[in-house]
Amino acid sequence: MPCFSAHEHVLATKLVAFYPTNYDKGIPTHMATLMVFDPENGSLKAIMDGEVITNLRTAAASAVATKYLANPKSQVLAIIGAGHQARSHHQALSTLFNFTEVNIYSRTLESAEKLSQEIGSTAKACSSVEEAVKRADIIVTVTFSKVPVLFAKWVKPGAHVNAVGACRPDWQEIDPDLMRGSVLYVDSREGAMKESGDVILSKAEVYAEVGEVVNGTKQAFCEKTTVFKSLGMAVEDAVSANLVLDKLRTT
Ligand SMILES: NC(=O)C1=CN([C@@H]2O[C@H](COP(=O)(O)OP(=O)(O)OC[C@H]3O[C@@H](n4cnc5c(N)ncnc54)[C@H](O)[C@@H]3O)[C@@H](O)[C@H]2O)C=CC1
Ligand SMILES: O=C(O)C1=NCCCC1
């Protein structure tokens, strides 16, 4: 994933591959390395691990979307999936909202319970997606499922969904009725139309990129049911890598 940002004065690329079956072997499913170059002359400035940055910047992007699109009084969070992104999303969203309830569903009750114990007394492992999401103001889907796991009939009107998994054109995590029945935001229109099965297969209409909401050219319909379909953008990695280098320089 290559990126040059003149605004941020950064030139970087991330090599990333994912191996869903690694999860059951207890090793990371995403293998990522970032290379940062001097934008003036192309010389290599740094090679860094891309796993942590991928976890954190993806959750940060969802947090920005959620800040604009969720009800500001949101109290109940549901997380579907209990891996790295589940943890980073809980961490990032907790900087914006005081959750009184965090409901977690995963393929195994054991992995949902483990995450619930890490989070503490507000968290609960649920035995179905429906149980996890029915009271939720904010929902995060972070699984490797290839078929929908979150259905419109379980989602409270006005809830906000961060749909982060299903990053291939033939994979889905979200019920097409929910995609079509919500106001749909994406990180990149171009990316969504090429890579997101949730968008392509449901034929849902993309209302806006989150960046258009942030810069005020498109509306944030936070009183309606909203979906943010995230696929990840190279600029998120490049900017994050620059932040790491800045921090290194000043410590
Ligand atoms: N939008 C973006 O920018 C990014 C998206 N992702 C995506 O987010 C999702 C989660 O990533 P990580 O948390 O890093 O992975 P992880 O491997 O740490 O956790 C994956 C979770 O999905 C569950 N899972 C695996 N197969 C499943 C299935 N068939 N049905 C339901 N659940 C299943 C696992 O039990 C686990 O809880 C993946 O789809 C990944 O590709 C990851 C990085 C960036
Ligand atoms: O943006 C990324 O990095 C990824 N997006 C989709 C899944 C693999 C990693």
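To start, this report covers the structure provided alongside it. As the structure is a prediction and not an experimental result, all values here were calculated from the model.

## With respect to the overall build of the protein chain
Here is step 1: Looking only at helices and strands, one finds ten helices and twelve strands in the protein chain.
Here is step 2: The C-alpha radius of gyration of the protein chain comes to 18 Å, within 12% of the 18 Å expected for a compact globule of 251 residues.
Here is step 3: Based on the C-alpha atoms only, the size of the protein chain along its principal axes is roughly 55 × 40 × 35 Å.
Here is step 4: Classification of the 251 residues of the protein chain by burial places 51% in the buried group.
Here is step 5: In the protein chain, of all internal contacts separated by at least 6 residues, the share reaching a separation of at least 24 is 63%.

## Let's talk about the site of ligand 1
Here is step 1: In the neighbourhood of ligand 1, 24 residues make up the surrounding shell, with T29, A82, H84, Q85 and T143 lying closest.
Here is step 2: Between ligand 1 and A82, the relevant distance is 2.8 Å, taken from an oxygen atom to a main-chain nitrogen or oxygen of the residue.
Here is step 3: Take R107: an N or O atom from its side chain is 3.2 Å from an oxygen atom of ligand 1.
Here is step 4: When each cavity is represented as a set of grid points, ligand 1 is found to reside in the largest pocket.
Here is step 5: When residues of the shell around ligand 1 are traced back to their parent elements, those giving at least two are α2 (51–69) and α3 (84–93).
Here is step 6: Residues that form the shell around ligand 1 fall into these classes: eight nonpolar, 14 polar and two charged.
Here is step 7: When residues of the shell around ligand 1 are assigned to domains, at least three fall in each of domain 1 (2–52 + 235–249) and domain 2 (58–233).

## Topic: the packing of α2 against helix α10 (residues 234–249)
Here is step 1: Two numbers describe how α2 lies on α10: the axes approach to 10 Å, and their chain directions differ by 115 degrees. The crossing of α2 and α10 is right-handed. Contacts from I53, T54, R57 and A61 of α2 reach α10 at E236, D237, S240, A241 and V244.
Here is step 2: Broken down by class, the residue content of the contact of α2 with α10 amounts to four nonpolar, two polar and three charged.

## Let's talk about the layout of surface pockets
Here is step 1: The calculated volume of the largest pocket comes to roughly 1100 Å³.
Here is step 2: In terms of lining, the largest pocket is formed by 46 residues, of which the most central are H30, F144, V164, G165 and C167.
Here is step 3: Elements with a contribution of two residues or more to the lining of the largest pocket: β2 (10–18), α1 (22–25), α2, α3 and α7 (189–195).
Here is step 4: Per-element accounting of the lining of the largest pocket gives the leading share, five residues, to α2.
Here is step 5: In terms of residue class, the lining of the largest pocket is built from 22 nonpolar, 17 polar and seven charged.
Here is step 6: Domain assignment of the residues forming the lining of the largest pocket places at least three in each of domain 1 (2–52 + 235–249) and domain 2 (58–233).
Here is step 7: Within this model, the second largest pocket holds a volume of roughly 420 Å³.
Here is step 8: Here the residues of the lining of the second largest pocket are counted per class, giving eight nonpolar, one polar and five charged.

## With respect to the environment of R107
Here is step 1: With respect to the secondary-structure elements, R107 resides in the loop between β6 (101–105) and α4 (109–119).
Here is step 2: It is 9.0 Å that separates the C-alpha atoms of R107 and T143, two residues lying 36 residues apart in sequence.
Here is step 3: The contacts of R107, once residues within four sequence positions are left out, are Y23 and D24.
Here is step 4: In terms of polar contacts, R107 uses its side chain to reach the side chain of D24, at 3.4 Å.

## Focus on the side chain of R57
Here is step 1: You can see R57 is positioned in helix α2.
Here is step 2: A distance of 3.3 Å separates polar atoms of two side chains, one belonging to R57 and the other to E236.
Here is step 3: Those residues in contact with R57, other than ones at most four positions away along the chain, are M1, K14, G232, M233, E236, D237 and S240.

## Some words on the sheet that holds strand β1 (residues 2–5)
Strand-to-strand pairing in sheets goes through backbone hydrogen bonds, with the strands running parallel or antiparallel.
Here is step 1: Ordered by their spatial adjacency, four strands build an open sheet running β1-β2-β3-β4, and the pairing between neighbours is antiparallel. Either end of the sheet is taken by a strand with one partner, and the two such strands are β1 and β4 (44–49). With direction set aside, neighbouring strand axes in the sheet form an average angle of 20 degrees.
Here is step 2: Bridge count between strand β3 (residues 30–37) and β4: five bridges; the pairing is antiparallel. The residue of β4 that forms the bridge with M35 is I47.

About the criteria used
- Residues numbered from 1 in each chain as written.
- Chains lettered and ligands numbered in written order.
- Predicted model: local features only at pLDDT ≥ 70, side-chain atom pairs only at ≥ 80, totals over all residues.
- Heavy atoms only, no water.
- Helix = DSSP H or I, 4+ residues; strand = E, 2+ residues; numbered from the N terminus.
- Rg over C-alpha atoms; globule rule 2.2 N^0.38 Å.
- Buried < 20%, exposed > 50% of the residue type's maximum accessible area, 1.4 Å probe, protein only.
- Contact = heavy atoms within 4.5 Å.
- Near = heavy atom within 4 Å.
- Polar contact = N/O pair within 3.5 Å; in protein donor to acceptor, adjacent residues only side chain to side chain.
- 1 Å grid on protein atoms, 1.4 Å probe; cavity = no way out; pocket = protein on both sides within 12 Å on 5 of 7 lines; lining within 4 Å.
- Sits in = over half its atoms within 2 Å of the grid points.
- Nonpolar A, V, L, I, M, F, W, Y, C, P; charged D, E, K, R; others polar.
- Domains from an automatic or database assignment.
- Axes fitted to C-alpha atoms, helices over the stretch in contact; angles between N-to-C directions.
- Left-handed = near helix turned anticlockwise from the far one by under 90°.
- Points joined across faces, edges and corners; volume = space filled by probe spheres on them.
- Pairing = 2+ DSSP bridges.

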